[in-house]
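Each chain, letter by letter, is given below.
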Amino acid sequence: MENKENTKAQIIVVCGPTASGKTFVSIELAKILGGEIISADSMQIYKELNIGTAKPTREEMSGIPHHLIDIVSINDDTFSVAEYVKRAGECAEDILRRGKVPVICGGTGLYIDHFIKNTQFTEYENDIEYRNELEKLPNEELYAKLVKIDPKSADIIHVNNKKRIIRALEIFKITGKNKSEIDAMSQCENSRYDFIKLGLRYADRNLLYDRINNRVDGMLKNGLLDEVKKLYREGEEDNIKRIGAIGYVEIIDYFNDICGFDEAVEKIKQHTRNYAKRQITWFKRDLNTVWIDIDEENIANSEEIIKNCLNYVHLN
């Protein structure tokens, strides 16, 4: 008989590309399993970004508590993966103490992977002289340096996020190792939890792209233009570009007469589709992910999708 004292607490993870239906699936699972949602979305953490980040409304949440949404301002450039892992761990422990099931939901693979692997991040001293030297360089030159020494970090740090680029370069100078190597060495093989990682997969990529295009159209109907206009008038352009918020950057370009409105909308759709491709590539690397296939048949029958998810959860 299994020794229950040694059994790890179970955490459900629902991941996949943007617009794949993660929010709906995670909420339905939480309803059935008695769970609460821990968001793993690097844009939904920001209080000011709502419509363009597809942040779930109170109605969509259906009474299920959601954590790690609206926790920082776009003016705060200190939030890191390490901070996410710390806060997600605190949320998970609190949820489990109350006899509930934590359900991680999101498309930010970096957050999810480091939480699952229980990465123990190390703090390094600063090299103020080198940092001041880097501060004088333009973003594009700094980013090119990062691509050369640490392409993995460059793949996940936006070119406009100057602070994170400089920190990665600084770590390399101090340690002689790039940040992605150090993070990999810091991963703990023995996680505190038993993770059931469910990935939503579309065999027909065009079906996903149609959902993305329709979602962007829906965001515009729901007031995305006014949301971005308010932030633009409040002088938040640099902060939005620093975090690389898709949907916001393109509309700001429209406000600055860099492109027309129709072109801005098409760019939002294109950039979101490109982002979805990168997410799919990221999640496919993890062989422990159980893929839940979504097609034209079952997308209209959400009960079947949830049943497929529950079958695997109950088997474990």
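Refer to the preceding data block for the structure.
Keep in mind that what you see is a predicted model, and the values were worked out from it rather than measured.

## Describing the overall build of the protein
Logical step 1: On a plain count of helices and strands, the protein comes out with 15 helices and six strands.
Logical step 2: Computed over its C-alpha atoms, the radius of gyration of the protein comes to 20 Å, within 12% of the 20 Å expected for a compact globule of 316 residues.
Logical step 3: The C-alpha extent of the protein, read off along each of the three principal axes, is 65 × 45 × 35 Å.
Logical step 4: Per-residue burial for the protein yields a buried fraction of 47% across its 316 residues.
Logical step 5: Counting only contacts in the protein whose residues sit at least 6 apart along the sequence, the fraction spanning at least 24 positions is 75%.
Logical step 6: Here the protein contributes 45 positive and 53 negative side-chain charges, whose respective centroids are spaced 2 Å apart.

## Looking at the packing of aromatic side chains
Logical step 1: Scanning all chains against the criterion turns up eight aromatic pairs.
Logical step 2: Considering the side-chain rings of Phe-79 and Tyr-111, the 6.4 Å spacing of their centres and the 65 degrees angle between planes classify their relative orientation as edge-to-face. With Phe-79 in the loop between strand 3 (66-67) and helix 3 (81-97) and Tyr-111 in helix 4 (residues 109-116), this pair connects stretches of sequence that are 32 residues apart.
Logical step 3: The class for Phe-79 is buried, based on a relative accessible area of 11%.

## Observations concerning the sheet that holds strand 1 (residues 9-15)
Note on sheets: strands pair through backbone hydrogen bonds, and any given pair is parallel or antiparallel.
Logical step 1: Pairing is parallel in the open sheet, where six strands are placed in the order 3-2-4-1-5-6. Of all the strands in the sheet, the pair left with one neighbour each is strand 3 and strand 6 (290-294).

## Regarding the side chain of Asp-113
Logical step 1: Checked against the element boundaries, Asp-113 lands in helix 4.
Logical step 2: The residues touching Asp-113, leaving out its near neighbours within four places in the chain, are Lys-197, Trp-282 and Arg-285.

## A few points about helix 8 (residues 162-175)
Logical step 1: Compared with the 20 Å implied by 1.5 Å per residue over 14 residues, the 20 Å span of helix 8 between its first and last C-alpha is a close match.
Logical step 2: Every buried residue of helix 8 is listed here: Ile-165, Ile-166, Arg-167, Ala-168, Leu-169, Glu-170 and Ile-171.
Logical step 3: Phi for Gly-176, located one or two positions after helix 8, is positive at around 80 degrees.

## A look at the pattern of salt bridges
Where charged atoms of side chains with opposite charge meet at close range, the side chains can pair.
Logical step 1: On inspection of all chains with the given rule, the structure shows 17 salt bridges.
Logical step 2: Asp-94 serves as the salt-bridge partner of Arg-98, at 3.0 Å between the closest nitrogen and oxygen.
Logical step 3: Two residues, Asp-293 and Arg-201, come together in a salt bridge whose shortest N-O distance is 2.7 Å. One end of the pair, Asp-293, is in strand 6; the other, Arg-201, is in strand 5 (residues 193-202), and 92 residues separate them in sequence.
Logical step 4: Asp-293 sits in the partly exposed class, given a relative accessible area of 38%.
Logical step 5: Residue class for Arg-201 comes out partly exposed when judged on its relative accessible area of 36%.
Logical step 6: Through salt bridges with shared partners, one network takes in Glu-36, Asp-94, Arg-97 and Arg-98.

## So, the environment of Tyr-232
Logical step 1: In this fold, Tyr-232 is placed in helix 11 (residues 224-233).
Logical step 2: For Tyr-232, a relative accessible area of 27% gives the class partly exposed.
Logical step 3: Separated by 19 residues in sequence, Tyr-232 and Ile-251 have C-alpha atoms that sit 9.5 Å apart.
Logical step 4: Residues contacting Tyr-232, with those up to four places away along its chain left out, are Glu-237, Ile-252, Phe-255 and Asn-256.

## Let's talk about helix 6 (residues 139-149)
Logical step 1: Buried within helix 6 are the following residues: Asn-139, Leu-142 and Leu-146. The arc enclosing the buried residues of helix 6, seen along the axis, measures out at 70 degrees, which places them on a common side. Facing away from the buried side of helix 6 by over 90 degrees, the exposed positions are Glu-140 and Lys-148.
Logical step 2: Taken together, the buried residues of helix 6 touch helix 5 (128-135), helix 7 (151-156) and helix 8.

## A few points about the side chain of Gln-279
Logical step 1: Counting through the fold element by element, Gln-279 comes out in helix 14 (residues 261-284).
Logical step 2: Beyond its immediate stretch of four places on either side in the chain, Gln-279 contacts Gly-16, Pro-17, Thr-18 and Gly-107.

## Some thoughts on the nonpolar core
Logical step 1: The biggest cluster of nonpolar side chains holds 44 residues, and the ones touching the most others in it are Ile-38, Leu-49, Tyr-84, Ile-104 and Phe-115.
Logical step 2: Among the elements that line this core, the one with the most residues is helix 3, at seven residues.
Logical step 3: When near neighbours in sequence (up to four residues on either side) are disregarded, Ile-38 contacts His-67, Leu-68, Tyr-84, Ala-88, Cys-91, Ala-92, Ile-95, Pro-102, Val-103, Ile-104 and Cys-105.
Logical step 4: Among the nonpolar cores identified, the runner-up in size contains 30 residues, and Ala-19, Leu-208, Ile-292 and Ile-305 belong to it.

## Let's talk about the packing of helix 10 (residues 205-221) against helix 14
Logical step 1: It is the contact of helix 10 with helix 14, at a shortest axis distance of 10 Å, that shows an interaxial angle of 135 degrees. Taken together, the axis directions place helix 10 and helix 14 in an arrangement best described as oblique. When you trace helix 10 past helix 14, the crossing you get is right-handed. Between helix 10 and helix 14, the residues in contact are Arg-205, Leu-208, Tyr-209, Ile-212, Asn-213, Val-216, Asp-217 and Leu-220 and Phe-261, Val-265, Ile-268, Lys-269, Thr-272, Arg-273, Ala-276, Lys-277 and Ile-280, respectively.

What counts and what doesn't
Residues numbered from 1 in each chain as written. Predicted model: local features only at pLDDT ≥ 70, side-chain atom pairs only at ≥ 80, totals over all residues. Heavy atoms only, no water. Helix = DSSP H or I, 4+ residues; strand = E, 2+ residues; numbered from the N terminus. Rg over C-alpha atoms; globule rule 2.2 N^0.38 Å. Buried < 20%, exposed > 50% of the residue type's maximum accessible area, 1.4 Å probe, protein only. Contact = heavy atoms within 4.5 Å. Lys, Arg positive; Asp, Glu negative; His and termini not counted. Charge placed at Lys NZ, Arg CZ, Asp CG, Glu CD. Phe/Tyr/Trp six-rings, centres within 6.5 Å; stacked < 30°, edge-to-face > 60°. Pairing = 2+ DSSP bridges. Expected span 1.5 Å × (residues − 1). Salt bridge = Lys/Arg side-chain N within 4 Å of Asp/Glu carboxyl O. Arc of directions from axis to C-beta. Core = buried A, V, L, I, M, F, W, Y, C linked by side-chain atoms within 4.5 Å. Axes fitted to C-alpha atoms, helices over the stretch in contact; angles between N-to-C directions. Parallel < 35°, antiparallel > 145°, perpendicular 65-115°, else oblique. Left-handed = near helix turned anticlockwise from the far one by under 90°.

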